Amino acid sequence: MMRNVTVATVQASYTWDLDNNLNKAEQLVREAAARGAQIILLSELFQAPYFCIQTDEKHFALAQTLAQSQVVNHFKQVASELEVVLPISFFERQNQALYNSIAIIDADGNTLGIYRKTHIPDSPGYCEKFFFTPGDTGFQVWNTRYATIGVAICWDQWFPESARAMALMGAELLFFPTAIGSEPQDATLVSTDHWQVVQRGHAAANIMPLIAANRVGKETHSNVFDAEAKDVEITFYGSSFISDEHGQMVKAANKTDECVLVHRFDLDAIQKTRTSWGLFRDRRPEMYHSLLSCDGVHTCK
């Protein structure tokens, strides 16, 4: 028996022409669907440039409720027309809270729910704690038309607990939309290989394919606090990829070009492999108390 699913990851650059960003993303989704993709991943916060490069209050205006979200409503129609599953990243406003969120749109165009980013980074060029409330949804999985999927966001991908939680909840595929590139404070720090390896480790440790989508291109923001200061720049390094259940990359993009990567998986064969390895059978969760602590000893409050 074979239960095949075809996945795609989309790599692109984005500008402050927000309508053009939507149109570009749609065309790339259509390309992926034309190549047989059933679940298609776009990168993190693709509706605009990565505005978290600086703590500029004007970007709060980009936040919308789920019901109002232009990008979510746009791609609900696309998903319905093409009969594809689309995890769509958006800047969410809910009452007084602001989240870095993903709406899971099923192949009929209906929204199954949202995931709000759990781990919020704070470093030069990645000032997300200024913009986002830490997510309150917890990790989740979604029973879509084609597969049960787990979706988390960017900084979440560096934490093995994120992938393991979704795997334990029954995910068959893991998806991580991302916005990552150079480090403004240190041009010698290049995390590309580390970024790929840690996620390939999640795939191997959970015997589960993993799909990662990043953006490309240089994005420059003027210093809003000092007009004479140097602009802040990030060059997003692309390198989007699809890993198989053994952690081997089966498709990989380069660091500069927009592209669509497509690959097909036999979920039943992967499930058989996952069961035979015994990695979930032999877990000892009662021995993992230290994982609930901040320092290996004391339970986090």
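Our structure is the block above this text.
Analysis parameters
- Residues take numbers from 1 onward in each chain, read along the sequence in its written order.
- Note on the predicted model: pLDDT of at least 70 is required for a residue's local features to be given, and 80 or more for side-chain atom pairs to be given and counted; whole-chain, interface and lining totals, by contrast, use all residues.
- Computation of side-chain values: all heavy atoms of the structure, hydrogens and water removed.
- The aromatic pairing rule takes the rings of Phe, Tyr and Trp, using the six-membered ring of Trp, and pairs them if the centres are within 6.5 Å, calling planes under 30 degrees apart stacked, those over 60 edge-to-face and the rest tilted.
- Helix and strand assignments follow DSSP, with helices taken as H or I runs no shorter than four residues and strands as E runs no shorter than two, numbered in order from the N terminus.
- A patch consists of residues whose relative accessible area exceeds 30% and which take part in no salt bridge; residues with like charges are grouped when within 9 Å of each other, and nonpolar side chains (Val, Leu, Ile, Met, Phe, Trp, Tyr) when within 5 Å.
- In this description, accessible areas are obtained by the Shrake-Rupley approach with a 1.4 Å probe, and a residue is regarded as covered only by the protein chains that are shown.
- The rule for a salt bridge is simple: a side-chain nitrogen of Lys or Arg has to be within 4 Å of a carboxyl oxygen of Asp or Glu.
- Only protein chains enter the accessibility calculation, which uses a 1.4 Å probe. A residue is then buried if its area is under 20% of the maximum for its type, exposed if over 50%, and partly exposed in between.
- In short, DSSP must find at least two bridges between two strands for them to pair.
- Helix axes are fitted to C-alpha atoms over the stretch in contact, other axes to C-alpha atoms as well, and angles between N-to-C directions run from 0 to 180 degrees.
- Contact between two residues is taken to exist if any of their heavy atoms lie within 4.5 Å; hydrogens are not considered.
- Note on terminology: disulfide denotes any pair of cysteine sulfur atoms within 2.5 Å.
- Note on handedness: a clockwise path from strand one over the helix to strand two, with the strands aimed away from the viewer, defines a right-handed crossover.
- Oblique is the label for any angle not covered by the other classes, which are roughly parallel (under 35 degrees), roughly antiparallel (over 145) and roughly perpendicular (65 to 115).
- Two helices crossing with the near one rotated counterclockwise from the far one by less than a right angle form a left-handed crossing, whereas a clockwise rotation gives a right-handed crossing.
- Side-chain classes are defined by residue name, with Ala, Val, Leu, Ile, Met, Phe, Trp, Tyr, Cys and Pro counting as nonpolar, Asp, Glu, Lys and Arg as charged, and the others, Gly among them, as polar.
- Expected helix span is given by 1.5 Å per residue-to-residue step, counting one fewer step than there are residues.
- Starting at the helix axis, one direction is taken to each C-beta atom, and the arc is that of these directions.

## Some remarks on the packing of aromatic side chains
So, step 1. Applying the stated criterion to the full structure yields 17 aromatic pairs.
So, step 2. With 5.9 Å between their ring centres and 75° between their planes, Y50 and F236 make a pair best called edge-to-face. Of this pair, Y50 sits in the loop between β2 (39–41) and α2 (70–82) while F236 sits in strand β11 (residues 232–237), placing them 186 residues apart in sequence.
So, step 3. Aromatic side chains F130 and F131 sit 5.0 Å apart centroid to centroid with 85° between the ring planes, which places their arrangement in the edge-to-face category.

## Here we look at a nonpolar patch on the surface
So, step 1. On the surface, a nonpolar cluster with roughly 310 Å² of combined accessible area is contributed by M287, Y288 and L291.
So, step 2. Of note, M287 is situated in the segment after α6 (267–277).
So, step 3. Using a relative accessible area of 55% as the deciding quantity, one classes M287 as exposed.

## So, the sheet that holds strand β1 (residues 4–11)
So, step 1. Strand order in the open sheet made by the three strands is β2-β1-β14, with mixed pairing throughout. The sheet is open, and its two edges are formed by β2 and β14 (259–266), each paired on a single side. Each strand axis lies, on average, 20° off the axis of its neighbour in the sheet, ignoring direction.
So, step 2. Examined bridge by bridge, β1 and β14 share eight bridges and lie antiparallel to one another. Within the sheet, the bridge partner assigned to V7 lies in β14 and is H263.
So, step 3. Of the strands in this sheet, β1 and β14 are in contact with α6, which crosses β14 at around 65°.

## A look at the state of the cysteines
So, step 1. The full count for this structure, using the stated rule, is one disulfide.
So, step 2. Between the sulfur atoms of C294 and its disulfide partner C300 the distance amounts to 1.9 Å.
So, step 3. Residue class for C300 comes out partly exposed when judged on its relative accessible area of 33%.
So, step 4. Sulfur of C127: no disulfide; nearest cysteine sulfur belongs to C52 and is 7.8 Å away.
So, step 5. Since its relative accessible area comes to 14%, C127 is described here as buried.

## Looking at the pairing of strand β9 (residues 210–213)
So, step 1. Burial of β9 is two-sided: the residues L210 and A212 facing one way and the residues I211 and A213 facing the other way are all buried.
So, step 2. As defined by bridge partners, strand β8 (residues 173–177) adjoins β9 across four bridges and the pair is classed as parallel. In the sheet register, P177 faces β9, and the bridge partner there is A213.
So, step 3. The handedness of the β8 to β9 crossover, carried by helix α5 (residues 192–206), is right-handed.
So, step 4. Judged from the three bridges that link them, β9 and strand β12 (residues 241–243) form a sheet pairing that is antiparallel. Its bridge partner being in β12, L210 is matched across the sheet by S243.

## Structural notes on the packing of helix α1 (residues 18–34) against α2
So, step 1. Here α1 crosses α2 at 25°, and the two axes come no closer than 11 Å. In terms of their interaxial angle, α1 and α2 are classed as roughly parallel. Both α1 and α2 take part in a crossing whose hand is right-handed. Side by side, α1 and α2 meet where D19, L22, A25, E26, V29, R30 and A33 of the first sit next to Q70, V71, H74, F75, V78, E81 and L82 of the second.
So, step 2. Here the contact of α1 with α2 is composed, by residue class, of eight nonpolar, two polar and four charged.

## Brief notes about α2
So, step 1. Taking 1.5 Å per residue, 13 residues should reach 18 Å; α2 reaches 19 Å between its end C-alpha atoms and fits that length.
So, step 2. Within the span of α2, buried status applies to V71, V72, F75, V78 and A79. Projected down its long axis, α2 carries its buried residues within an arc of 125°, all on one side. Seen from the buried face of α2, the exposed residues on the opposite side, beyond 90 degrees, are Q77 and E81.
So, step 3. Looking at the packing, one finds that the buried side of α2 touches α1, β3 (86–94), β4 (97–105) and β5 (111–116).
So, step 4. Positive phi appears at E83, one or two residues downstream of α2, with a value of about 55°.

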